[in-house]
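Descriptive analysis of the structure
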Amino acid sequence: MTVAGGGALKELRLVVSILVPVLLQLGLNSTVKSSTLAFVGHYDPEAIASAALGNMYASITGYSVGVGITMAVGTYSAQNFGRGAAKENGVVVRNCLYAHMLCFVFALFMAGASPALLRACKQPEELLEPVRQFALVSAFAWPGNWIFMCLSTVLSSQNWQTVGVVGQALGSITSLSLSWWLLFNGSGYLGIAIANVAAAWVSVVYIVVHICAQGLQSSVWRSPWSLSGTLTFWQYLRSALP
């Protein structure tokens, strides 16, 4: 094999090692959402429309906003790792968490405003209050999801890709099992929102424990305040918002 061919194969393996864990996490996330809605259809069929619309509304006005803000972490952490400055990742994580606070406030506001917004979109009146309740409960899962994504992205930039997959798997198992148990015991459609909150924070606990156990704090979130000037909050937002 030529040197060029060997280099291309090495690059391909690197890309696959990054791509496969991401695909697995996305697949687990999609499977859980579909499965939990199926549980609602079985145990609380009259609320399937509320659960489906509530899940869609909450995901658009909450989850996706924080995910978009968090995506900039990948760019900065990869650059830091490439230039041997992983100790600056803490600055990136700190700014990302500040942005998460704004996203959480926005998600709560949008959840509270959902009846008026959905009424303006001519949605059935009987769905408005159930959707509001679902979105409000779901909002407390989003910070956990965003924090987990932020930390797993920083770890992935340092070749710890499997940590995110394991954390996502633990969250998925928690969501599926708890959703089933709550719905089986009569919680109604809100059971899947409660299960999602628990699952999100289970994933966070796992990844934090992993980071501490491996002694990776200094390359993930622990950075001296003297480094804060390397990336300001507004610089981070300008990179994340587009």
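If you're wondering where the values come from, they're calculated on a predicted model, not measured in any experiment.

When helices and strands are counted, the chain shows 11 helices and zero strands. Traced from its N-terminal end to its C-terminal end, the chain shows the element sequence α-α-α-α-α-α-α-α-α-α-α. For the chain, with 242 residues in total, the buried portion stands at 44%. With the model as given, the accessible surface of the chain reaches about 12,200 Å², and the carbon-plus-sulfur share is 70%.

Along the chain, Ala113 turns up in the loop between α4 (89-112) and α5 (114-120). Between the alpha carbons of Ala113 and Arg132 there is a distance of 7.9 Å; along the sequence they are 19 residues apart.

Turning to the state of the cysteines, a few remarks are in order. Applying the stated criterion across every chain, the model contains zero disulfides. A disulfide-free cysteine, Cys96 has its sulfur positioned 3.8 Å from the sulfur of Cys150, the nearest such atom. Looking at Cys96, the relative accessible area reads 0%, which means it is buried. The structure places no disulfide on Cys103, whose sulfur is separated from the nearest cysteine sulfur, that of Cys96, by 8.3 Å. Taking the relative accessible area as the measure of exposure, Cys103 reaches 6% and is therefore buried.

A separate point is unusual backbone geometry. A positive phi is found at Lys122, a non-glycine position, where the angle reads about 65 degrees. Tracing the backbone shows Lys122 in the loop between α5 and α6 (125-138). A positive phi angle is found at Asn159, which is not glycine, with a value near 70 degrees. Checked against the element boundaries, Asn159 lands in the loop between α7 (142-156) and α8 (161-184).

Turning to its location among the elements, Ser219 is positioned in helix α10 (residues 217-220). On the accessibility criterion, Ser219 (11% relative accessible area) is buried. With residues up to four places along the chain from it excluded, the contact list for Ser219 reads Ala86, Asn89, Val154 and Gln158.

With that settled, consider the environment of Trp201. Position of Trp201 relative to the elements: it lies in helix α9 (residues 190-213). Relative accessible area serves as the criterion here: at 34%, Trp201 is assigned to the partly exposed category. Taking C-alpha positions, Trp201 is 7.5 Å from Asn145, a pair spaced 56 residues apart along the chain. Excluding residues within four positions of it along the chain, Trp201 makes contact with Phe140, Pro143, Gly144 and Ile147.

To continue, consider α6. With 14 residues, α6 extends 21 Å from end C-alpha to end C-alpha; this agrees with the ideal 20 Å at 1.5 Å per step. Among the residues of α6, those classed as buried are Leu127, Leu128, Pro130, Val131, Phe134, Ala135 and Ser138.

The rules behind the values
- Residues numbered from 1 in each chain as written.
- Predicted model: local features only at pLDDT ≥ 70, side-chain atom pairs only at ≥ 80, totals over all residues.
- Heavy atoms only, no water.
- Helix = DSSP H or I, 4+ residues; strand = E, 2+ residues; numbered from the N terminus.
- Buried < 20%, exposed > 50% of the residue type's maximum accessible area, 1.4 Å probe, protein only.
- Areas by Shrake-Rupley, 256 points an atom, 1.4 Å probe, with all protein chains shown as cover.
- Disulfide = S-S within 2.5 Å.
- Contact = heavy atoms within 4.5 Å.
- Expected span 1.5 Å × (residues − 1).

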